[in-house]
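If you want the building blocks of each chain, they are given just below.
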Amino acid sequence: MFNELDPILHSQLRLSIVSILMTVDEANFTFIQETTKAAAGNVSIQIRKLQDAGYVKVKKTFKNNYPNTTLSITSKGMKAFEDYVNNLKKYINPKE
Amino acid sequence: MDEKHLTPEESLLLITKTIEETKKRFEENGHIIILWGTLTFIVFLSQYVLVFLGLYKIFDIMWTCILFPLGGIYTFIYVRRKVQKENIPTTIIGRIIGTMGWVFGLNLMILGFLFGHQLDKAAAPIFLILFALFMIMTGVSLKFKPLTIGGILLNLIGFGTFLINTDYYGLSMMIGSVVGLIIPGILLNRADRKENV
């Protein structure tokens, strides 16, 4: 029996964003945009969805008089990512 | 990045690729390690030259007091600019290595300038051993063997220095800086360049 994959994470850009945040303590918006090579507007929309789901924490500050948005993963986000990866493994190798 | 329906295989591949890409962005390039190895080498080589010229007492402390703090200032500016320019994110390993670097550096400076006379002959081997500990820990954290091996060799040179005549302490520091800092730093730099091609 397969568990349904988390629809919040089962999207190319949102999955990339969460994967980045699983690797670092926190990253700023520019880093995420450069790494994912996605459009700023699209990244913003997906971050909002992840934030609404409680998977990421967004901190807005100023750096050298410019707005600086920093993101980090929440414990709920970490758990969701772990569950997502475990479910993926079951899909790929059902015998495991 | 266009949105499309992902198969489980594609999802796993995407996760792996993104994590690899993220790690690449904040890899160390060995620049600072080479700098400190070269500074140490120059300072101790210059001591030999100054002794040879009979100017040791006049210039030695001045030379050391200028070069090492300059290295510290350069390191501070380089790290700060790199983080700001390349939007480098914070990581646990990065924070540990960074903090360790500053703590080791400050302790070496304080030991050298304020308590050097109390350490007397033990100063050179103690400095080598402290450098070695930092290199071993950095090598293990970055999972980069040449740094760890360089650190272990530096550690052995440090203990070996206790066994030789004080006249050769400078030579020991020079060999230590080449084996434990400059060579591993160059290898780290090469590894970083290869991965970024």
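In this text the structure is predicted, and so the values were computed from the model without any measurement. (Residues numbered from 1 in each chain as written. Chains lettered and ligands numbered in written order. Predicted model: local features only at pLDDT ≥ 70, side-chain atom pairs only at ≥ 80, totals over all residues.)

A.B. asks: Give a description of the overall build of chain B that names residues and reports values.
C.D. replies: Scanning chain B from N- to C-terminus turns up eight helices and zero strands. Mapped in sequence order, the helices and strands of chain B form the string α-α-α-α-α-α-α-α. Relative to its full complement of 197 residues, chain B shows a buried share of 22%. Partitioning the contacts of chain B with sequence separation of at least 6, the portion at a separation of at least 24 is 71%. (Helix = DSSP H or I, 4+ residues; strand = E, 2+ residues; numbered from the N terminus. Buried ≥ 20, exposed ≤ 12 C-beta atoms within 10 Å, placed from the backbone. Contact = placed C-beta atoms within 7 Å.)

A.B. asks: An account of the interface of chain A and chain B is requested, with residue identities and associated values reported.
C.D. replies: Contacts between the two partners involve 25 residues from chain A and, on the opposite side, 21 residues from chain B. Within the residue set of the side of chain A that touches chain B, elements represented by two or more residues are α1 (12–23), β1 (27–28), α2 (29–36) and α4 (75–92) of chain A. Sorting elements by how many residues they give to the side of chain A that touches chain B places α1(A) first, with seven residues. Residues belonging to the side of chain A that touches chain B are distributed by class as follows: 11 nonpolar, 10 polar and four charged. (Nonpolar A, V, L, I, M, F, W, Y, C, P; charged D, E, K, R; others polar.)

A.B. asks: Requested: an account of the pairing of strand β3 (residues 66–73) of chain A, with residues and values cited.
C.D. replies: All names here are of chain A. Note that β1 and β3 share two bridges and pair antiparallel. Paired with A27 across the two strands is L71, which belongs to β3. Pairing geometry for strand β2 (residues 56–63) and β3, over eight bridges, is antiparallel. Paired with F62 across the bridge in β3 is P67. Where β2 folds back onto β3 in an antiparallel hairpin, the turn is made up of two residues, including N64, whose phi is positive at roughly 50°. (Pairing = 2+ DSSP bridges.)

A.B. asks: Break down the sheet that holds β1(A) for me, with residues and values.
C.D. replies: Residue and element names in this part refer to chain A. Read across the sheet, three strands follow the order β1-β3-β2 without closing on themselves; strand pairing throughout is antiparallel. The two strands at the open ends of the sheet, each matched to only one other strand, are β1 and β2. Where α1 meets the sheet, it contacts β1, β2 and β3, and its direction lies at approximately 80° from that of β3. (Axes fitted to C-alpha atoms, helices over the stretch in contact; angles between N-to-C directions.)

A.B. asks: Tell me about the environment of T148(B), and please be specific about residues and values.
C.D. replies: Residue and element names in this part refer to chain B. On the secondary structure map, T148 appears in helix α7 (residues 145–161). For the pair T148 and T166, spaced 18 residues apart in sequence, the C-alpha to C-alpha distance is 27 Å. Setting aside residues up to four positions removed in sequence, T148 forms contacts with I136, G139 and V140.

A.B. asks: Now, about helix α6 (residues 123–142) of chain B: what can you tell me, with residues and values included?
C.D. replies: Residues and elements named next belong to chain B. Taking 1.5 Å per residue, 20 residues should reach 28 Å; α6 reaches 29 Å between its end C-alpha atoms and fits that length. Turning to α6, its buried residues number three or more, namely A124, P125, F127, L128, F131, A132, F134, M135, T138 and G139. K143 sits one or two positions beyond α6 and adopts a positive phi of about 55°. (Expected span 1.5 Å × (residues − 1).)

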